[in-house]
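Spelled out, the chains give:
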Amino acid sequence: MEFTTGDLKALFRAFSARMAAERDRLCALDGAIGDADHGIAMEQGMKAAADAARAAEGTLQDVFNAAAKGFLNAVGASSGPLYATALLRAGKAAGPRGSMPNGELRTIIAAMRDGIVQRGKAEPGQKTMLDAWGPAADAALDGQNADAIIAAARQGAEATRNMVATVGRAARLGERSLGHPDPGSISAAMLVEEICKAMKAA
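A short tour of the structure in this document, coming up. (Residues numbered from 1 in each chain as written. Predicted model: local features only at pLDDT ≥ 70, side-chain atom pairs only at ≥ 80, totals over all residues. Heavy atoms only, no water.)

Side note on the packing of aromatic side chains
Scanning all chains against the criterion turns up four aromatic pairs. Centre to centre, the rings of phenylalanine 12 and phenylalanine 64 are 5.9 Å apart; their planes meet at 75 degrees, and the pair counts as edge-to-face. Pair noted here: phenylalanine 12 is in helix H1 (residues 5-33) and phenylalanine 64 is in helix H3 (residues 60-74), with a separation of 52 residues, a long-range link. Take phenylalanine 12: its relative accessible area is 0%, and that puts it in the buried class. Where phenylalanine 71 meets tyrosine 83, the ring centres are 5.6 Å apart and the plane angle is 55 degrees; that geometry is what we call tilted. Taken together, the residues span a long stretch of sequence, with phenylalanine 71 in helix H3 and tyrosine 83 in helix H4 (residues 79-94) at a distance of 12 residues. The pair formed by phenylalanine 71 and tyrosine 83 is uniform in burial state, with each residue classed as buried. (Phe/Tyr/Trp six-rings, centres within 6.5 Å; stacked < 30°, edge-to-face > 60°. Helix = DSSP H or I, 4+ residues; strand = E, 2+ residues; numbered from the N terminus. Buried < 20%, exposed > 50% of the residue type's maximum accessible area, 1.4 Å probe, protein only.)

Following this line, the structure appears as structure tokens:
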């Protein structure tokens, strides 16, 4: 089964719809350890990414690149450059072609993780979105199925509840960040889930 540019545009619409639906929950999570705006940033970013993707013409890489630009223009906060870089890396992995096998969405998850690492300089265990993207990428590269990749992302996000934040805004709280999951990792697991749904559509 092929994953086409039309499917990619649909995936960005799914990202946008999911972030809109989860906005208030993500803001509430962020309110515990941050500025309570993560849900708004992700909703605005993914809406802009989806709009840019819809208007884009050309290859899978062209659509990813347009979405990256859209997200960055909409979100000035830390997640803006992180997801823009992630999407650019995903575009590079997808390449200048009109479609790719559905199974190659695994490489997209890994590429997004790599982009976040490159831009954010964070490491696993620091209570960031990487704690969800990392395990998901490892599971994807390990050839695990879509459900296992989703589970890895969710478990990684849930594990941030027991971490002390050492980077980002939540680091100001130190030990007080314990007991609260990182909202960036929670939203990351949601995005991983949407990618895996597209992978399962084969």
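Observations concerning helix H7 (residues 146-159)
Taking 1.5 Å per residue as the helical rise, H7 with its 14 residues ought to reach 20 Å, and the 20 Å between its terminal C-alpha atoms agrees with that figure. When we look at burial in H7, the residues that qualify are Ala146, Ile149, Ile150, Ala152, Ala153, Gly156 and Ala157. Angular distribution of buried residues about the axis of H7 spans 160 degrees; they occupy a single face of the element. Residues of H7 that are buried make contact with helix H5 (105-120), helix H6 (130-141) and helix H8 (183-200). (Expected span 1.5 Å × (residues − 1). Arc of directions from axis to C-beta. Contact = heavy atoms within 4.5 Å.)

Section: the environment of isoleucine 149
Inspection of the secondary structure assignment puts isoleucine 149 in helix H7. Classification of isoleucine 149 by relative accessible area gives buried; the value is 0%. If sequence neighbours within four positions are ignored, isoleucine 149 has contacts with Arg106, Ile109, Ala136, Ala139, Ala140, Gln144, Val192, Cys196 and Met199.

Observations concerning unusual backbone geometry
Unusually for a residue other than glycine, alanine 36 sits at a positive phi of about 60 degrees. Mapped onto the fold, alanine 36 is located in the loop between H1 and helix H2 (38-55). Note on alanine 36: relative accessible area 34%, which makes it partly exposed. Unlike most non-glycine residues, lysine 121 shows phi in positive territory, near 60 degrees. Secondary-structure assignment places lysine 121 in the loop between H5 and H6. Residue class for lysine 121 comes out exposed when judged on its relative accessible area of 64%.

A closer look at the environment of serine 177
One can find serine 177 in the loop between H7 and H8. Taking the C-alpha atoms as reference, serine 177 lies 8.7 Å from asparagine 162; in sequence the two are 15 residues apart.

So, the pattern of salt bridges
Working definition: two side chains of opposite charge can pair if their charged atoms are close together. Per the counting criterion, the structure on display carries 16 salt bridges. Ionic pairing is found between arginine 18 and glutamate 22, a salt bridge with its closest N-O pair at 3.3 Å. Highlighted residues: arginine 18 and glutamate 22, both in helix H1, separated by four residues, approximately one helical turn. For arginine 18, a relative accessible area of 17% translates into the label buried. The salt bridge involving glutamate 194 is made with arginine 18; its shortest N-O contact spans 2.9 Å. (Salt bridge = Lys/Arg side-chain N within 4 Å of Asp/Glu carboxyl O.)

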